[in-house]
Amino acid sequence: MSQKPRIDETTEDLACPVIYPVEAYISEEYARAERDKLWRKVWQMVGRLEDIPEVGNYLSYEILDDSVLIVRTAPDQIRAYHNVCPHRGRRLVDVPQGAKNARGRRSQFICGYHGWRFNLEGANTHAPYKEDWQGALSDECAGLSKVDVDTWGGWIWINMDRDCEPLRDFLEPAATMLDPFQLQNMRSRWRKWGIFDCNWKVALEAFNETYHVQTTHPEFMKFGEFRGWARVQGKHSNIGYDAPKGMDENQSAKLRVGKGDPRISTAEMQLYTWQKANTNTTQTLVDAALRLKDELPEGTPADQVLKHWLESARRDDEARGVVWPTVDPAHVGRSGTAWQIFPNFQIGHSVNNALCYTARPCGYNPDKCIFEAVVYQLFPQGEEPQPEWEYCEATAEDWCYVLSQDFSNMAAVQQGMKSLGLSGLKPNPYMERSTANLHRNLAKYMGTGAPRKLE
Ligand code: FES
Ligand SMILES: [Fe+2]
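Per chain, residues are indexed from 1 in the order of the written sequence. For this description, chains carry letters from A and ligands carry numbers from 1, given in the order in which they are written. Given that this is a predicted model, residues contribute local features only at a pLDDT of at least 70 and side-chain atom pairs are listed and counted only at 80 or more, while totals for whole chains, interfaces and linings are drawn from all residues.

Draft legend 1. Looking closely at the environment of E54. Looking at where E54 falls in the secondary structure, it is placed in the loop between β2 (44–48) and β3 (57–63). For every residue pair, C-beta atoms are placed from the backbone, and the pair is scored as a contact if these atoms sit within 7 Å. In this view, E54 contacts R72 and R105; residues no more than four positions away in its chain are not counted. Strands are runs of DSSP state E lasting at least two residues, helices are runs of H or I lasting at least four, and both sets are numbered from the N terminus onward.

In structure tokens:
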């Protein structure tokens, strides 16, 4: 007698078709519940270590009603506090009008209301007329309220849940899979943010699968077609490309073999990516690709073109002091091209550059989110740029053509989700499993919205 499997079992690896409701994207009630059930429970990436290089450097991180201050308290130590004065609750550090967050350097924090002072360790060092409290102001109740903070990959992460699991445990298996890429050595080349007209999940899901490429970015199809996969990695997911046998999976996707002369298609695709996406490649890779037709004879097989291109770019970079980590090709293949770190951080990794996105709520309006994107790469020591965060509208002019193609779906998806005619969302079981997994894991925190088998 066959017993019907429980939903959890049928969808364990999410290889089967699933459907899940739209509530997570459009319900204001759900958006409000996210504060306590999700954002106050998970590790969140809040910035880079190089943002606070000196003792006393701080930055704030804003998420709904919470603001967290992250402070370098010693050359090798970072602390985080709730950005609130314990006296009568004034926000301790103000975010400048129009800025994404606060940033600066202080030797102490002084509340602007009645002048309570706090050292970098969060201890109260002065309260005017403190004796009026008759000794009741203990260190505990007069100091700043602590937030857990840790680092991985060159990023700073915070968790407001004092009982949270260690960051490393939370990040696995992503941390172990990504460690060989030495992301902590990369520095940002540009960083932009904006307020978009969609839920934060809609913004992230525009980038966590490759199924949309054929339609949203038709220009890429002339370079060849590749089949993308998405895999469940516990709380997290990763995506990558299937490749012809014997070829390095993800790198060959960049090469896009299959259409025309691979020397030419590689150069064309690199140039297009550099000029129209301004990410996912570097000047060194582009230059090396443009030389392929001079350095290799016509008819060179695609795998040889790929090998030559990457070896010569690696050499060029080494000559200027930029050393790419060496990662076993099988590991590169397994790691894919991007990781979705639960709940809202995507790392598009490679050995010499990376593209990362975050999206989070902008107030309790489920139709708005704060979107951020940063492009990283390796630089010669001492030549790292320090780009400021740039506020940008969701346009091709402010960002670039390829990203604006992705943005163009976002508000339309947000509107479409409210239609009476939509029964639920049905991600591709092979190429969009990352989206199904996000919602399966969200449901564990939120208690609602789990994907169910589509039959
Ligand atoms: S609220 Fe900060 S000193 Fe009074
Ligand atoms: Fe895209």
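On we go from here.
Draft legend 2. Main features of the pairing of strand β10 (residues 146–152). Bridge count between strand β5 (residues 77–82) and β10: 2 bridges; the pairing is antiparallel. When the bridges of β10 are listed, Y81 appears paired with K146. For two strands to be treated as a pair, DSSP must find no fewer than two bridges joining them. Here 5 bridges tie β10 to strand β11 (residues 155–159), and the two strands are oriented antiparallel to one another. Within β11, the residue paired with W152 across the bridge is W155. Taking the residues between adjacent antiparallel strands as the criterion, β10 and β11 are bridged by 2 residues, where G153 takes a positive phi near 70°.

Draft legend 3. Quick peek at the nonpolar core. In terms of nonpolar packing, the biggest core is built from 80 residues, with L69, I70, I158 and A203 touching the most fellow members. Non-local contacts of A203, meaning those with residues more than four positions away in its chain, are made with F196, C198, A359, C369, F371 and M410. With 11 residues, the next largest nonpolar core counts A267, A288, V305 and L306 among its residues. What makes a nonpolar core is a set of buried Ala, Val, Leu, Ile, Met, Phe, Trp, Tyr and Cys residues, with links drawn between C-beta atoms within 7 Å. To assign burial, the other C-beta atoms lying within 10 Å of each residue's own C-beta are counted, with C-beta atoms placed from the backbone; 20 or more indicates buried, 12 or fewer indicates exposed, and intermediate counts indicate partly exposed.

Draft legend 4. Structural view of the sheet that holds strand β8 (residues 117–119). Ordered by their spatial adjacency, 3 strands build an open sheet running β7-β8-β9, and the pairing between neighbours is antiparallel. For this open sheet the edge positions go to β7 (108–110) and β9 (124–126), each flanked by a neighbour on one side alone. Averaged over neighbouring strand pairs, the angle between their axes works out to 35° when direction is ignored. As paired elements, β8 and β9 share 2 bridges and run antiparallel to each other. For F118, the partnering residue across the bridge sits in β9 and is N124. Note on definitions: angles span 0 to 180 degrees between N-to-C directions of axes, and those axes are lines fitted to C-alpha atoms, for helices only across the stretch in contact.

Draft legend 5. Up close: the sheet that holds strand β13 (residues 228–233). Judged by pairing direction, the sheet is mixed, and its 8 strands sit side by side in the order β13-β14-β15-β16-β17-β18-β12-β19 without closing on themselves. Here the strands that pair on one side only, and so sit at the sheet edges, are β13 and β19 (389–391). The mean inter-strand angle of the sheet, taken between neighbouring strand axes irrespective of direction, is 15°. Here strand β17 (residues 353–361) pairs with strand β18 (residues 369–377) via 9 bridges, running antiparallel. Along β18, the bridge assignment pairs A359 with F371. Here helix α16 (residues 433–446) sits on the sheet in contact with β13, β14 (236–241) and β15 (338–341), set at roughly 25° to β13.

Draft legend 6. Structural context of the packing of helix α11 (residues 283–290) against helix α13 (residues 302–319). Closest axis-to-axis distance for the α11/α13 pair is 9 Å, and the angle between their directions is 130°. With respect to α13, the element α11 is oriented oblique. When you trace α11 past α13, the crossing you get is right-handed. The segment α11 lies against α13, with T284, L285, D287, A288 and A289 engaging W309, S312, A313, D316 and D317. Under this grouping Gly is polar, as are all residues other than the nonpolar Ala, Val, Leu, Ile, Met, Phe, Trp, Tyr, Cys and Pro and the charged Asp, Glu, Lys and Arg. For the contact of α11 with α13, the class distribution of residues is 5 nonpolar, 2 polar and 3 charged. Roughly parallel here means an angle under 35 degrees, roughly antiparallel means over 145, roughly perpendicular means 65 to 115, and every remaining angle is called oblique. Crossing handedness is defined as follows: a turn of the near helix away from the far one that is anticlockwise and smaller than a right angle gives a left-handed crossing, while the clockwise case is right-handed.

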